[in-house]
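Secondary and tertiary structure notes
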Amino acid sequence: MGLRTYIIRRLILLVPTLIGATLLIFAVTQLFDPVARATLYITNVQQFTPENVASIIEKYGLNDPAYLQFGRWFSQVLQGNLGFSRTARQPVFQALIDRFPATAEIVIITAPIIILLGIWLGVKSAVHHDKLVDHVTRTLSIVGWSLPSFWLSIILISIFYVGLGLFPTGRLSQVAQTFVLTDPSFIRYTKLNIVDGILNGQLWISVDALRHLVLPVTVLTTIQIALIVRIMRSSMLEALNKGYIVAARAKGLTSKEVVNKHARKNALIPTITLSGLMVAGMLNGVVITETVYGINGIGLFAANSALSLDIAAVLGFTLFAGIIFVVSNLIVDIMYAYLDPRIRLG
Amino acid sequence: MKSSRWQEFKAGMGPRTKEWKFMLSRLRKSPLSIAGMSIIIFYAVLALLAPLLAPPNPSWALYPSFDPFHIPRESMAPVPASPSANHPFGTTEGQYDLYYGIMWGTITAFRVGLWVVGASLIIGLAIGIVAGYYGGVIDELMMRFTDVIFAFPGLILAMALVAALGASLDNVMLALVLVGWPGYTRLIRGEVLRVKQEDYVEASKAAGASDLRVILRHIIPNAIYPVVIAASLDTGAIVLSAAGLSFLGLGAGPDYADWGQLIARSQNWIFGTRTDPFAHWHTFVLPGVFIFIFVLGWNLLGDAFRDILDPTLRRR
Amino acid sequence: MTKNQEILELQDLIVNFYTYEGKVEALDGVNLKMREGETLGLVGETGCGKSVTSLATLVLVPAPGKIEGGNARFRTNHGIVDLTKQNDATLRGIRGKDIAMIFQDPRSALNPVYTVENQLAEVFMHHRLHEMCQRSLDEIEKDLKKKSSKAFFYRMEKNFYQKMSKNPKAFSLRIVSRIPIVNRYQRRIKKEIRKEVVKTLKTLKIPDPERVADMYPHELSGGMAQRVVIAMALGCSPGLLIADEPTTNLDVTIQAQILEQVRELKDKFESSILYITHDLGVVAEVCDRVAVMYAGNVVEIAEVEEIFKHPLHPYTQALLGSIPRPGKGFAPIEGEVPSLIAPPPGCRFNPRCQKGIEICNQQKPKLIEADKDHFVMCHLYGEGS
């Protein structure tokens with residue numbers, strides 16, 4: 001079949017899944033009364049006055065049967081209109097785009113750490129299994145997985161910020177924030193402070209941003225890494241028991257080559273499949289972490305909207321998160337096919 | 001007649017009981033499982049004794065709407081008080097007694113964990129077994145449906161559901177069930193598909209066994225192990241999710257005995273006072289420790305199960 | 001080299017496995033001698049220790065197993081070495097080059113995520129690197145003579161290959177091999193290796209070797225996969241080839257083809273072959289001499305014809321007697337293979353032996369030469385008789 005065909009097939013399968021996902025979100029919207037649902041269709045705050053509400057309900061047929069409503073709402077979503085957020089006082093889509101870089105900054109740093117460190121620890125654990133390294137790694141990862149993220153976040157703030165003053169909360173310090181927002185020479189190319197700092201030659205901004213990221217990244221890593229370590233360890237153990245390992249040794253390869261070349265690639269396959277779960281875990285994790293650390297990303301947006309029952313925002317965010325998740329699963333599946341030749345020809 | 005059927009059953013179960021005895025013995029010896037079990041038993045005892053250890057004020061019982069899960073408060077003063085004789089764990093914001101909250105919170109934790117996992121299991125297994133065993137259109141439909149739910153990260157979808165249904169602990173539990181059952185469906189379906197093809201299932205069908213008999217006697221006992229592992233790990237995860245949602249303000253109300261909610265009340269106080277940054281440590285450290293150890297217990301047990309119940313990895 | 005020199009001698013080899021259920025005494029003092037150029041069959045029931053013996057020879061017994069006694073003397077170009085006492089580096093030089101192994105299940109012996117070429121190339125990269133580098137250098141010289149504009153690059157490549165030839169693990173080489181455009185110098189040696197891979201595949205009569213080289217193991221049929229495994233083993237023309245039940249997992253028709261192949265290779269390469277099997281028919285076809293194993297011991301060794309005509313050990317006799325023949329019916333051996341965790345005292349075959357005498361359950365017999373070039377491990381022969 002080849003890799004290309006596999007990718008195309010998976011892309012095609014994406015469509016029904018996405019449609020199904022939007023259906024689910026739509027079903028949830030039906031739990032609300034028409035007045036609340038009106039926020040899904042408007043694009044600025046002026047429209048939402050008591051007089052207009054009735055006409056909006058009329059115009060978008062919010063009292064019509066569900067399937068008609070779905071058609072209208074779906075076509076609107078496809079045009080990028082996710083409704084208006086009461087709490088953010090902007091269109092939902094715009095609110096998400098504005099807040100996305102803050103979350104992206106956290107995720108871009110955390111994900112590689114979790115994956116690379118997790119794989120390394122998993123391999124070490126498997127190769128030295130039942131020895132001290134193994135026991136310590138496994139214990140630490142179970143501990144990490146059991147910690148409530150909000151609790152760990154608070155404890156870290158208490159120790160490292162309140163106590164030691166090393167790593168502050170938020171995205172940037174006051175000074176840096178003012179500079180980034182108001183200084184005319186600073187161009188926000190990517191809205192990622194670390195990158196922008198480098199691109200503008202203002203390294204102190206990058207350093208400041210990094211300092212603020214240490215705690216949230218630590219929280220997310222500590223909690224998620226158990227997943228990768230565990231799966232990598234068990235799949236390595238499985239791989240090391242396979243016949244091709246003995247065969248490789250019989251050819252005269254060193255232990256290191258056998259582990260790194262033969263076992264690891266096979267063990268990576270189930271691990272990659274599980275990194276989809278890691279993405280979900282991170283999307284879940286940023287909601288709470290951003291709330292505790294006061295980082296104005298999409299997670300904080302979601303938490304605030306849910307609390308204020310701002311349904312357009314909550315559902316817009318959920319749909320957004322769903323799409324990110326589905327796409328990342330697609331990428332994971334493609335990587336899986338790349339790694340495991342047996343899949344492509346199935 | 002009856003006695004011989006029973007003896008037949010016992011004989012048939014012979015090798016299986018031997019396996020179970022072997023597994024039980026390994027469970028008893030594994031340090032992971034001992035630790036996990038001890039923790040869970042400790043908490044179970046706490047939960048059972050909570051009414052004794054933290055008795056609600058007897059005068060309240062007179063009120064018809066009495067609910068012991070509402071934490072008593074002596075005043076409305078916002079600043080938390082440190083641990084003292086009256087309040088062994090101190091009080092949190094609004095003078096809610098932490099000791100009371102944590103003790104009754106144990107009951108809440110068990111309630112949330114066991115109900116949610118139990119309900120998810122029942123729904124998930126029922127659908128999964130039917131889908132896996134009968135295949136065809138039913139299977140396709142079910143799988144598309146679970147795929148749709150899987151398109152969303154769990155906590156986020158649960159959040160959306162709670163926002164739609166209204167913030168309360170019961171709605172949190174409902175939302176977690178709705179988001180959680182597909183996981184078990186996928187798991188059991190995969191196992192059922194695998195076991196369905198085994199020779200002993202064919203043999204049983206060829207001997208004329210009804211579908212129900214085949215499912216109960218052959219498919220479930222061989223397909224159930226990953227589910228047991230998942231369920232024990234899940235209990236901890238569910239409690240964490242529920243605590244997280246309560247922390248965000250979407251779950252239990254402000255005076256309810258729920259660990260997550262207690263930590264939410266501590267957020268304003270993590271900076272301590274000007275002189276002592278850790279002045280209010282008890283407000284967040286204590287409830288957090290209780291959640292952490294509780295979840296740790298279930299995770300240890302689940303991990304022990306995973307090491308022991310995986311038939312391919314045993315007898316190493 | 002004289003044909004009658006010994007190439008392998010196993011003396012009192014003891015291998016124990018420390019498992020959850022107890023200490024499994026897998027090899028209980030195995031004695032074996034192999035001569036150069038001969039094909040020695042190693043027969044026995046499942047579980048008697050044949051595979052463990054082969055792994056022990058290569059010192060590749062997997063945990064929880066340990067070699068705990070005896071030695072395995074092997075003749076290399078530099079003399080006779082005891083494999084059990086060598087360090088890892090020496091053993092790695094021998095594995096794949098002087099002693100090679102063919103495995104029982106070809107599909108599991110091949111790594112599913114790498115192509116055939118990749119896995120064959122490993123053998124060459126490890127043991128024939130110098131030769132490959134030399135060929136690449138020769139090609140470079142030819143290119144340099146053409147006086148093209150790329151002379152500068154050719155000289156750089158020459159530098160790399162000279163370094164690779166002397167010290168393949170050099171740090172500088174490791175870095176350079178990771179830099180995207182610079183590491184194109186590796187194309188040359190990859191070309192040479194691919195030529196060699198295709199050549200080896202052709203030797204095994206694999207059809208369309210260019211295509212097969214790019215295939216993944218799961219795309220190969222059982223017979224093809226086994227040929228690839230054999231090709232891997234023969235890549236460096238080993239002096240000793242250990243074949244661990246190479247045809248057990250294959251169809252009978254494929255089995256015949258593989259056996260034919262093995263016979264041809266035997267003649268062509270003049271390697272010594274340790275052929276492990278449980279099938280006496282195969283032994284009769286392919287082997288010169290035969291060693292019979294039972295419960296962790298070699299109980300009889302003789303030439304094939306001799307053993308079929310005059311089996312001495314009661315087990316061998318029972319084994320040959322149990323082969324079903326038309327008109328004869330079934331005569332299985334009574335009893336069961338003993339547990340190796342708590343083996344019976346004295347001779348391990350005693351509980352099932354019809355001819356046991358008193359000493360049999362007290363003392364273990366030794367392997368002695370009961371007849372000309374015919375060795376038995378039984379109290380019925382030798383000092384006592």
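Residues numbered from 1 in each chain as written. Chains lettered and ligands numbered in written order. Predicted model: local features only at pLDDT ≥ 70, side-chain atom pairs only at ≥ 80, totals over all residues.

**Describing the overall build of chain C**
Put simply, the rule is: Helix and strand definitions here come from DSSP, where helices need a minimum of 4 consecutive H or I residues and strands a minimum of 2 consecutive E residues; each element is numbered from the N-terminal end. With C-beta atoms placed from the backbone, a residue counts as buried when 20 or more other C-beta atoms lie within 10 Å of its own, as exposed when 12 or fewer do, and as partly exposed for counts between those limits. Whether two residues are in contact depends on their C-beta atoms, placed from the backbone: they are in contact if these lie within 7 Å.
When its secondary structure is counted, chain C shows 14 helices and twelve strands. Per-residue burial for chain C yields a buried fraction of 42% across its 385 residues. In chain C, 65% of the contacts between residues at least 6 apart in sequence involve partners at least 24 apart.

**Some remarks on the overall build of chain A**
A tally of regular secondary structure across chain A gives 15 helices and two strands. The principal-axis extents of the C-alpha atoms in chain A amount to approximately 80 × 55 × 40 Å. When each of the 346 residues of chain A is scored for burial, the buried share is 44%. Long-range contacts, defined here as pairs at least 24 residues apart, represent 72% of the contacts in chain A between residues at least 6 apart.

**A few points about the pairing of strand β9 (residues 289-294) of chain C**
All names here are of chain C. The condition that has to hold: At least two DSSP bridges between two strands are needed for those strands to be called paired.
Within β9, six of the six residues are buried, leaving the element largely enclosed by the surrounding structure. Here β9 shows two buried faces, one formed by R289, A291 and M293 and the other by V290, V292 and Y294. Of the pairings in the sheet, the one linking strand β3 (residues 39-43) to β9 comprises four bridges and is parallel in character. Along β9, the bridge assignment pairs V43 with V292. Examined bridge by bridge, β9 and strand β10 (residues 297-303) share six bridges and lie antiparallel to one another.

**A look at the confidence of the model for chain A**
What counts is decided by this rule: A residue's pLDDT is the predictor's confidence in that residue, given on a scale from 0 to 100.
In the predicted model, chain A carries a mean pLDDT of 84, and the fraction of residues at 70 or more is 90%. Across chain A, the element-wise mean pLDDT spans from 67 in helix α3 (residues 50-59) of chain A up to 91 in helix α5 (residues 92-127) of chain A.

**Some words on helix α9 (residues 225-248) of chain B**
All names here are of chain B. Operational definition: Residue count minus one, scaled by 1.5 Å, sets the expected span of a helix. What we call the bend at a residue is the angle made by axes fitted to the seven residues finishing there and the seven residues starting there.
Its 24 residues give α9 an end-to-end C-alpha distance of 35 Å, which sits within 8% of 34 Å, the value for a rise of 1.5 Å per residue. The sharpest bend along α9 comes to roughly 30 degrees, located at D234. Of all 24 residues making up α9, 21 are buried, and the element is well covered by its neighbours. Directly after α9, the chain includes G249, whose backbone phi takes a positive value near 100 degrees.

**Overview of the sheet that holds β3(C)**
Residues and elements named next belong to chain C. Let me state the cut-off plainly: In this analysis, axes come from line fits to C-alpha atoms, helices being fitted only over the stretch in contact, and the angle between any two N-to-C directions falls in the range 0 to 180 degrees.
The strand order across the open sheet formed by eight strands is β6-β7-β8-β3-β9-β10-β12-β11, and the pairing between neighbours is mixed. A strand with exactly one partner marks an edge of an open sheet, and here the two such strands are β6 (99-102) and β11 (367-371). Looking at each pair of strands side by side, their axes are set apart by 20 degrees on average, direction ignored. Sheet topology places β10 next to strand β12 (residues 374-377); two bridges connect them, and they run antiparallel. Bridging from a neighbouring strand, I301 pairs with F375 of β12.

**Notes on the domain arrangement of chain C**
Quoted interface sizes are often the accessible area lost when the parts come together. Residue and element names in this part refer to chain C. Stated formally: Residue ranges labeled as domains rest on an automatic or database domain assignment. Residues are grouped as follows: Ala, Val, Leu, Ile, Met, Phe, Trp, Tyr, Cys and Pro are nonpolar; Asp, Glu, Lys and Arg are charged; all remaining types, including Gly, are polar.
Taken domain by domain, chain C holds domain 1 (1-112 + 237-337 + 365-385) and domain 2 (117-198). Its C-alpha centre places domain 1 at a distance of 40 Å from the equivalent point of domain 2. Taken residue by residue, the interface counts four residues in domain 1 and four residues in domain 2. Residue composition of the side of domain 1 that touches domain 2, grouped by class: one nonpolar, two polar and one charged.

**So, the packing of helix α4 (residues 136-150) of chain B against helix α6 (residues 169-196) of chain B**
Residue and element names in this part refer to chain B. Rule in force here: Any angle from 65 to 115 degrees is called roughly perpendicular, while one under 35 is roughly parallel, one over 145 is roughly antiparallel, and all others are oblique. Rotating anticlockwise by less than a right angle from the far helix to the near helix defines a left-handed crossing, while the corresponding clockwise rotation defines a right-handed one.
Direction vectors running N to C along α4 and α6 enclose 130 degrees, while the axes themselves pass 9 Å from each other. It follows from the interaxial angle that α4 and α6 lie oblique. Remark: the crossing between α4 and α6 carries left-handed chirality. Residue-level contacts link M142, T146, I149 and F150 of α4 to V179, P182, T185 and R186 of α6. Class assignment for the residues of the contact of α4 with α6 results in five nonpolar, two polar and one charged.

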